[in-house]
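Chain residues, written in single-letter form:
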Amino acid sequence: MDTPIFQDKVICILCGFCGFTKVSKDIISNNIEKLGGTTVKKISQLPENLTHLIVPYFSTESKLLKTLKISQLPDCKIVTQDWAIQSIKLKTLLPEDTFLWKCYFQRQQEKMAEVDELKRKSQIDEEYHINKQLKLQSNIKIEENFEENENQIKIEENLEIKNEENDIKIKLDPDIKIEIKQEDESSRFISDKRRRANWKEDELSKFKFYTGKQSIDNKNDHIIQMLEELKNNYTILKDKGRIIGYQKAISAIRSFPEKITSIEQLKGVNQIGKQTLQKIKEILETGSLSRVEAMDEHERLGQLKLFLNIWGVGTEAAEKLVRKGYKTIEMIKANPPDFFNENQKIGLALYDELLEKIPREEVKEISEKITKVAESLANGRQLTAITCGSYRRGRPLCGDIDILMTFEDGGAHTGLLSILVEELKKIGLVTHTLVITDEEIKKKHENSTFEGIAKLENGLHRRIDIKIYPRKTYAWALLYFTGSAMFNRSMRLFAKTKGFRLSDEGIFPAIRYKTETFTCAPIADCYTEEEIFEFFGMAYKAPEERDM
DNA sequence: TGGCCAATACTG
DNA sequence: CAGTAT
DNA sequence: GCCA
């Protein structure tokens, strides 16, 4: 057994918000227990002898109180996850004072206030440089495990990276400091410059699959359709691996430039292995796939497929329906099961309409109407609204309408979404609400989401999402909601191989500890998609090029 | 043989 | 909390 | 199902 450095410590870890995940929490928990500590399982009942509360870096006090469902923070050390991570790493119980959440929080607040102030003063073209500056600063911060000193942000100075020795003061005991530095420099924390240089090298090899050059006159449509079918079947069977496998094979074939007449042509193509090759051979020779046919004979599968198309019905509910003996949508409509919730009832009622693809023109019309209403509610502030999803990627037909909004002034948007939805309902454009986030609780610096149904006077019911993000994370959200799913996956996977985690709110360094991963504070302030691509060291890809 | 994107929010 | 969705 |  390792040194029980956490002996007599009773520690509660809060997770699930502000970028600190349950996975990370579990890892830390396990390690603490391994090192002799006790962790609190139920946050609803904090024990009397609680010694430490571990909270995410960016927690606000109200968020903590809400999570704990208490009115006052407990009387114990409140620290960020770094305290535990570093202690575990160094097998030494580190002093709490350098990791106190309150200090971190205060520094953060001060910095934010300063940035806000600067932004207000600066012109738009200057803003770009400020962001650059902050980007460099945040990278240094990460390299030093957030041990930044109280130095002011020196915006007026040049863009040179700050001298680490002068500006960064490690507050830990000297021995420990050396250890941290050694470990970090040798493995995880390379400078942003070097990191980006590295990224550039294999940029193309990673992304050549998603160049978006799909043939317009789908020469190999029959093969693709067959494989799609197979993929759908595995979706129902919840075989995540095969779903991805087939999806990649489909992408590969879609971007294959020639008409496939012999499998010889496909030999050596990435993502098309032996088995897929065999299947394509069968399609070429017989025009069909015995695997698909065999699967189709299980009427169960067909029914599941049918039911899964009801909005709000997933694999579990679909299974249940089959077990109850439903065969068709009509049967369900005639006699709905008692376990259906409100959303599933809406999904059922609008089953056929929601399956219809939406012509581009209609997406545009609905988006414009909504944007106009939103602008009228913006009190003169500059509102940006972009319709994302397949529409932005240039598809002639779209599955749903995905509108992303932000205030250019960087201010809060609290309450706008619910008012907007109210208004849209009043004019009859929005007919149903499926989900809407509770903005009262979330306060500012967060994002709000509406999921619902919209309809033009003479049109069909359409699935629509409206999201409002703070300006700070807008570009990341834009990238994410523009997709495609495959493009996002490849980009995130790419980030992952570089020791990062990419999400709709930014890019975060992910520190590895043994085989597991911890997520740190975000780096890189990107205000446009171009900046994100630049950060990745990639050539900018237009939305149309991300379509697959 | 294991991993294949991640995080969050809502419903009931 | 499980299930579903984005 | 594919890949490392």
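Residues numbered from 1 in each chain as written. Chains lettered and ligands numbered in written order. Predicted model: local features only at pLDDT ≥ 70, side-chain atom pairs only at ≥ 80, totals over all residues. Heavy atoms only, no water.

**What about the protein's contact with DNA strand D?**
Around DNA strand D, the structure places 13 residues, and the nearest of them are Tyr246, Gln271, Gly273, Thr276 and Lys279. The share of sugar and phosphate among atoms of DNA strand D within 4 Å of the protein is 63%. Here a base nitrogen of DNA strand D and a backbone polar atom of Gly241 are 3.2 Å apart. Arg242 has a polar side-chain atom sitting 3.3 Å from a phosphate oxygen of DNA strand D. Listing elements by their share of the surface near DNA strand D, those giving two or more residues are α10 (240-254) and α11 (274-286). (Near = heavy atom within 4 Å. Polar contact = N/O pair within 3.5 Å; in protein donor to acceptor, adjacent residues only side chain to side chain. Helix = DSSP H or I, 4+ residues; strand = E, 2+ residues; numbered from the N terminus.)

**Side note on the UniProt feature "active site" (unreviewed entry) in chain A**
The positions UniProt marks with the feature "active site" (unreviewed entry) are Lys279. Take Lys279: its relative accessible area is 10%, and that puts it in the buried class. Residues in contact with Lys279, not counting those within four places in the same chain, are Leu230, Tyr246, Leu289 and Arg291. (UniProt positions renumbered as here; feature names shortened; annotations may be inferred. Buried < 20%, exposed > 50% of the residue type's maximum accessible area, 1.4 Å probe, protein only. Contact = heavy atoms within 4.5 Å.)

**Some words on the protein's contact with DNA strand C**
Taken together, the residues surrounding DNA strand C are Ile310, Trp311, Gly312, Val313, Gly314, Thr315, Glu316, Ala317, Glu451, Arg463, Asp465 and Lys467. At the protein interface, 100% of the atoms of DNA strand C within 4 Å belong to sugar or phosphate. Separating a phosphate oxygen of DNA strand C from a backbone N or O atom of Gly312 is a distance of 2.9 Å. Residue Thr315 places a main-chain N or O atom 3.4 Å away from a phosphate oxygen belonging to DNA strand C.

**Some remarks on the sheet that holds strand β4 (residues 77-80)**
Across the sheet, which stays open at both edges, the 4 strands sit in the order β2-β1-β3-β4 with parallel pairing between neighbours. Strands with a single pairing partner mark the edges of an open sheet, and in this sheet they are β2 (38-39) and β4. Bridge count between strand β1 (residues 10-13) and strand β3 (residues 52-55): 3 bridges; the pairing is parallel. Directly across from Cys12, in β3, lies its bridge partner Leu53. (Pairing = 2+ DSSP bridges.)

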